[in-house]
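# Summary of the model geometry
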Amino acid sequence: MTSEPLPITIKGTGSYAPEKVLTNDDISKLVDTSDEWILSRSGIKERRIAAKNETCSDMAAKAGLAAMKAANLSPEDIDLVIVATITPDKPFPSTACLTQHKLGLPNAVCFDIEAACSGFLFALETGVALVRSGNYRHALIIGSEKMSSIIDWTDRTTCVLFGDSAGAVIIGEGSIPGTGFLGANLSSDGASSDILHVPGGGSLIPPSADSVASGQHFLKMKGREVFKFAVRSMEQSAIDILKQYNFTTKQIDVVIPHQANLRIIELLSSKLELPMEKFFINLDRYGNTSSASIPLALDEAVQAKKIKSNDLILMLAFGGGLTWGSALIRWP
Ligand code: UT7
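Throughout what follows, the structure given in this document is the object of discussion. (Residues numbered from 1 in each chain as written. Predicted model: local features only at pLDDT ≥ 70, side-chain atom pairs only at ≥ 80, totals over all residues. Heavy atoms only, no water.)

### Quick word on the nonpolar core
One finds Ile-252, Leu-314, Phe-318 and Leu-328 to be the most contacted residues of the largest nonpolar core, which totals 43 residues. Those elements that place two or more of their residues in this core are helix H8 (223–244), helix H9 (262–272), strand E12 (312–319) and strand E13 (323–330). It is H8 that contributes the most residues to this core, 9 residues altogether. Not counting chain neighbours up to four residues away, the residues in contact with Leu-314 comprise Ala-238, Ile-241, Ile-252, Val-254, Val-255, Ile-256, Ser-326, Ala-327 and Leu-328. Counting 34 residues, the second largest nonpolar core, distinct from the first, contains Ile-82, Val-169, Ala-317 and Ala-327. (Core = buried A, V, L, I, M, F, W, Y, C linked by side-chain atoms within 4.5 Å. Buried < 20%, exposed > 50% of the residue type's maximum accessible area, 1.4 Å probe, protein only. Helix = DSSP H or I, 4+ residues; strand = E, 2+ residues; numbered from the N terminus. Contact = heavy atoms within 4.5 Å.)

The following block contains the structure:
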C-alpha cells in the first residue's frame, strides 16, 4: 500500500517586468512590419525590454523577493532556488547562484534548469520532488528571461514576438490534503532541436568573430513548424494529464498557457473544448517571455483574483528542445 504523498502547495507568487515598453509601432520603425500584422498573427501589442545593465538575475531576484513577501517568508527560510532560463547572465555560474546572492539567501542550494519555454514547468516538477523528499522545506522556483539579449533585431520573423520579464513561486508543504501540486506530464524530443534554437555560444560553435558576424548567437526559429508542434503537443499533454489524474476538461477552472501566440491558444481552446474565458492571457502586454511566461501569468491571475481557493488550474507549455508539458494544481 502506498501512502498519500505530502501536499506540496504554492505559498506565494511574484513577478517583475522591466519599465521600458516597446510597442508594435516602435518595432515597425526597426524592421518591415506593422502593428496590424503583429497583432493579427500573434495577438501581441507590446512587450517589455530590460535596461542595458539589467540582467536575468536582477529580474529573477525582483520576482523572487515579491514571491517571498507574498509567502511571508524570510531569507533564512528559503533552502532551494531553481531558475529556469535560456538567457542566463553568464554560461556559468548559474543564474540561481547569482540570484541567491542578490536576495541574500544563506541556506539555499541553487541551480538552473534549461528547457526553453517549458522551463518553468520542468523546474516546478523538480522543485516539488525535492521538497517532497523531505530535504528542503521552501523552494523558490523562478522563470526569468532577457530575451532581448538573444534576439536579432533585424529579423522580423522573430523580433516581434519576444519580451523580457520574470515570474516566481514559493513552494512548500501544505496543510490541506488534495490541494497544491497534483502532478505534471513532461516530454522531450531532441530530434527537431533545430526548429527553435540559438546555434552558437556553446561547445559546438564557440564565440568567435566569425560566429558573431554570421549571427550564430541569435535565436532562430522555423515559425510555422513550431506553431504546429505547439498546438499538437499541448493538446496531447492536456488530454494525457487529465486522463492520468481522472479529471475532465469541464472540471478545469483556469488554464495558464505558455503565452506565445493567441492563435495557438485559440486553437487549443477549440480542440480541447475549453472556453477561451478559462484561459488567462497577458501576451498582448508582454509577448513571449519564454520560461517567465507561465509564472508571470500566474502571478497576474492571482493579483487580479482570477484564481479562487479550490480552483483546478491547468498549466500548458511548449518550447525548444523540443520540450513540452502540463501541470495540474488545486489552488489551496
Ligand atoms: O515559445 C515558442 C516560440 N515560438 C512560437 O511560439 C512561434 C510559433 N509560430 C508562430 O507564432 C507563427 O508561425 C508566427 C507568428 C511566427 C508567424 O505567423 P505565420 O502565420 O505562421 O506567418 P508565416 O511565417 O507563414 O509568414 C507569412 C508571411 C510571409 O510572407 P510571404 O512568404 O507569405 O510573402 C512572411 O515573410 O508573413 C511574412 N512575415 C511578416 N510580415 C510582416 C513574417 N514575419 C513578418 C512580420 N511582419 N513581422
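Read on for the rest.
### Here's the deal with unusual backbone geometry
Each neighbour pair has its own omega, and for Phe-92 with Pro-93 the value is 0 degrees, a cis peptide bond. Among the structural elements, Pro-93 can be located in the loop between strand E4 (80–84) and helix H4 (95–103). Here the phi dihedral of Ser-290 falls at roughly 50 degrees; this positive angle occurs in a residue that is not glycine. Position of Ser-290 among the secondary structure elements: in the loop between helix H10 (283–286) and helix H11 (293–303). For Ser-290, a relative accessible area of 0% corresponds to the buried category. Of note in this structure, Lys-305 is not a glycine but carries a positive phi near 55 degrees.

### Examining the sheet that holds strand E1 (residues 8–16)
Each strand in a sheet pairs with another by means of backbone hydrogen bonds, the pair being arranged parallel or else antiparallel. Read across the sheet, 5 strands follow the order E1-E7-E6-E4-E5 without closing on themselves; strand pairing throughout is mixed. Each end of this open sheet is capped by a strand with a single partner; those strands are E1 and strand E5 (109–113). Adjacent strand axes in the sheet meet at a mean angle of 20 degrees when their direction is disregarded. Each of E1, strand E6 (139–146) and strand E7 (164–173) is contacted by helix H3 (residues 56–71), which is oriented at about 130 degrees to E1, the strand it contacts most. Lying on the sheet, H11 is in contact with E1, E6 and E7; it crosses E1 at an angle near 95 degrees. (Pairing = 2+ DSSP bridges. Axes fitted to C-alpha atoms, helices over the stretch in contact; angles between N-to-C directions.)

### Things to note about the site of the ligand
Around the ligand sit 21 residues in total, of which Thr-33, Cys-117, Arg-224, Asn-261 and Asn-288 are the nearest. Within the contact set of the ligand, an oxygen atom lies 2.9 Å away from a side-chain nitrogen or oxygen of Arg-41. For the ligand, an oxygen atom lies 2.9 Å from a polar atom in the side chain of His-258. Within the complex, 75% of the 940 Å² of free accessible area of the ligand lies under protein. (Near = heavy atom within 4 Å. Polar contact = N/O pair within 3.5 Å; in protein donor to acceptor, adjacent residues only side chain to side chain. Areas by Shrake-Rupley, 256 points an atom, 1.4 Å probe, with all protein chains shown as cover.)

### Considering the packing of aromatic side chains
Here the structure, examined in full by the defined rule, presents 2 aromatic pairs. A ring pair is formed by Phe-229 and Phe-318, whose centres lie 6.0 Å apart and whose planes are at 80 degrees; its orientation type is edge-to-face. With Phe-229 in helix H8 and Phe-318 in strand E12, this pair connects stretches of sequence that are 89 residues apart. This pair shows no difference in class: Phe-229 is buried, exactly as Phe-318 is. For the ring pair Phe-229 and Trp-324, a centre distance of 5.6 Å and an interplane angle of 80 degrees mean the geometry is edge-to-face. (Phe/Tyr/Trp six-rings, centres within 6.5 Å; stacked < 30°, edge-to-face > 60°.)

### A look at the layout of surface pockets
Its boundaries defined by the atoms lining it, the largest pocket holds a volume of some 1100 Å³. Forming the walls of the largest pocket are 41 residues, and the residues nearest its centre are Ile-86, Pro-88, Ile-150, Val-198 and Gly-200. Listed by contribution, the elements that provide at least two residues to the lining of the largest pocket are E5, strand E9 (196–197) and helix H7 (209–213). Broken down by class, the residue content of the lining of the largest pocket amounts to 18 nonpolar, 18 polar and 5 charged. Two domains each put at least three residues into the lining of the largest pocket: domain 1 (8–173) and domain 2 (180–330). Of all the secondary-structure elements, those providing two or more residues to the lining of the second largest pocket are helix H2 (35–42), helix H6 (156–159), H8 and H9. The dominant element in the lining of the second largest pocket, judged by the number of residues it contributes, is H8, at 4 residues. Classifying every residue of the lining of the second largest pocket gives 12 nonpolar, 8 polar and 5 charged. (1 Å grid on protein atoms, 1.4 Å probe; cavity = no way out; pocket = protein on both sides within 12 Å on 5 of 7 lines; lining within 4 Å. Points joined across faces, edges and corners; volume = space filled by probe spheres on them. Nonpolar A, V, L, I, M, F, W, Y, C, P; charged D, E, K, R; others polar. Domains from an automatic or database assignment.)

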